[in-house]
Amino acid sequence: MEGTSEEVTANPAPAGASAEFAKGWHASIASTTSTLAPISDRTIRQAHEATRAPSPTLPPPPAPVARLVPGVVDDAGRDRIPEAAEQIYVSVTGYTEFDRDLSLEILPVVLRCLSTDEQDAYVRQLQAFAETNRERLATLYARYGPGGTSENESRCYLTHQPASIVVCERLSTVPMLLDAVWNEELDAEMVLERFTTYWRFGST
């Protein structure tokens, strides 16, 4: 910019201009260049610094997100989880005339939504869920369960089965995975859809 300034200020005023005009001409150019020079110098300096600066260090990649890895429930779990579900169901509803065979058909499908890490402690997890949500579960079964005000077992048999306790817990934990597994393994797609509506909107 310094060389440019000298070149501009050396440029004479238009031919035939008066001495007073020429004086103003040069004063205007000098004022303009004095304003632009610092800006130009700063821009050039920043450009040089940028070329000398080391390449920025890229941030480390984000830590991998833990994924739910479904696993096969072991033999002990296949016994303990149904028993726990039945105990909770009976304690909430007082109903004991459920179809145990049907419940045992549903549970293996629902339990495919358990990660391998959850399996060992799932009974405690289910019991804790039931304790925390006991009032909500009681409302659900009082409306849609055996003898409930809106009972209709033909529309949604889950409300009459202990397996529904596990379904409620999985709906509150991994609803999308449960939906995918259920629709893949069980034909009664509308049953889960209706029960999901009961749990989300009819139990609060």
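Numbering of residues starts from 1 in every chain and runs along the sequence as written. Only residues with pLDDT of 70 or above have their local features reported here, since the model is predicted, and side-chain atom pairs are shown and tallied only from 80 upward, although totals for entire chains, interfaces and linings are computed over all residues. Side-chain calculation: all heavy atoms of the structure are included, whereas hydrogens and water are not.

(A) Quick look at the overall build of the chain. Looking only at helices and strands, one finds 10 helices and 0 strands in the chain. For helices the rule is a DSSP run of H or I covering at least 4 residues; for strands it is a run of E covering at least 2, with both sets numbered from the N terminus onward. Counting helices and strands in the order they occur from the N terminus, the chain gives α-α-α-α-α-α-α-α-α-α. To sort residues, take the accessible area from a 1.4 Å probe on protein chains only and compare it with the maximum for the residue type: under 20% means buried, over 50% means exposed, and anything in between is partly exposed. Within the span of the chain, comprising 204 residues, buried residues form 34% of the whole. A contact between two residues is defined here by any heavy atoms of the two lying within 4.5 Å. Long-range pairs, those at least 24 residues apart, make up 73% of the contacts in the chain between residues at least 6 apart in sequence.

(B) Spatial organisation of a negative patch on the surface. On the surface, Asp99, Asp101, Glu105, Glu151 and Glu153 cluster together into a negatively charged patch. What makes Asp101 exposed here is its relative accessible area of 55%. Patch membership requires over 30% relative accessible area and the absence of a salt bridge. Like charges are linked within 9 Å, and nonpolar side chains (Val, Leu, Ile, Met, Phe, Trp, Tyr) within 5 Å. The protein chains shown are the only cover counted for residues, whose accessible areas, like all others here, come from Shrake-Rupley with a 1.4 Å probe. Salt bridges are identified by distance alone: a Lys or Arg side-chain nitrogen within 4 Å of an Asp or Glu carboxyl oxygen. When charges are counted, Lys and Arg are positive and Asp and Glu negative, with His and the chain ends excluded. Think of each charge as sitting on NZ of Lys, CZ of Arg, CG of Asp or CD of Glu.

(C) Quick look at the packing of helix 6 (residues 122–132) against helix 8 (residues 163–173). To define axes, lines are fitted to C-alpha atoms, for helices over the stretch in contact only, and angles between the resulting N-to-C directions are given on a 0 to 180 degree scale. Where helix 6 contacts helix 8, the two axes come as close as 10 Å, and the packing angle between them is 85 degrees. It follows from the interaxial angle that helix 6 and helix 8 lie roughly perpendicular. Packed against helix 6, whose contacting residues are Tyr122, Gln125, Leu126 and Phe129, the element helix 8 presents Ile165, Val166, Cys168, Glu169, Arg170 and Ser172 at the interface. Three residue categories are used. Nonpolar comprises Ala, Val, Leu, Ile, Met, Phe, Trp, Tyr, Cys and Pro, charged comprises Asp, Glu, Lys and Arg, and polar comprises the others, including Gly. Each residue belonging to the contact of helix 6 with helix 8 can be placed in one class, and the counts come to 6 nonpolar, 2 polar and 2 charged. Any angle that is under 35 degrees is reported as roughly parallel, and any over 145 degrees as roughly antiparallel; angles of 65 to 115 degrees are reported as roughly perpendicular and all others as oblique.

(D) How the structure looks around helix 7 (residues 134–144). Every buried residue of helix 7 is accounted for by Leu137, Leu140, Tyr141 and Tyr144. Seen along its axis, helix 7 keeps its buried residues to an arc of 90 degrees; they face one direction. Working note: the arc is built from the helix axis to C-beta atom directions.

(E) Spotlight on the pattern of salt bridges. Following the criterion strictly, the structure yields 3 salt bridges and no others. Here Arg100 makes a salt bridge to Glu86, at a shortest N to O gap of 2.9 Å. Within this pair, whereas Arg100 is found in helix 4 (residues 100–110), its partner Glu86 is found in helix 3 (residues 75–93), the two being separated by 14 residues in sequence. In this structure, Glu118 engages Arg170 in a salt bridge whose closest nitrogen and oxygen atoms are separated by 3.0 Å. Linking Glu118 in helix 5 (residues 116–119) with Arg170 in helix 8, this pair joins segments that are 52 residues apart in sequence. Of the two residues, Glu118 and Arg170, neither departs from the other in class, the shared state being buried.

(F) Structural context of the environment of Val181. Within the secondary structure, Val181 is located in helix 9 (residues 175–185). A sequence separation of 70 residues divides Val181 from Leu111, and the C-alpha atoms of the two residues are 9.5 Å apart.

(G) Quick peek at the environment of Pro108. Examined against the element boundaries, Pro108 turns out to sit in helix 4. For Pro108, a relative accessible area of 46% gives the class partly exposed. The spatial distance from the C-alpha of Pro108 to the C-alpha of Ala163 is 9.7 Å, given a sequence separation of 55 residues.

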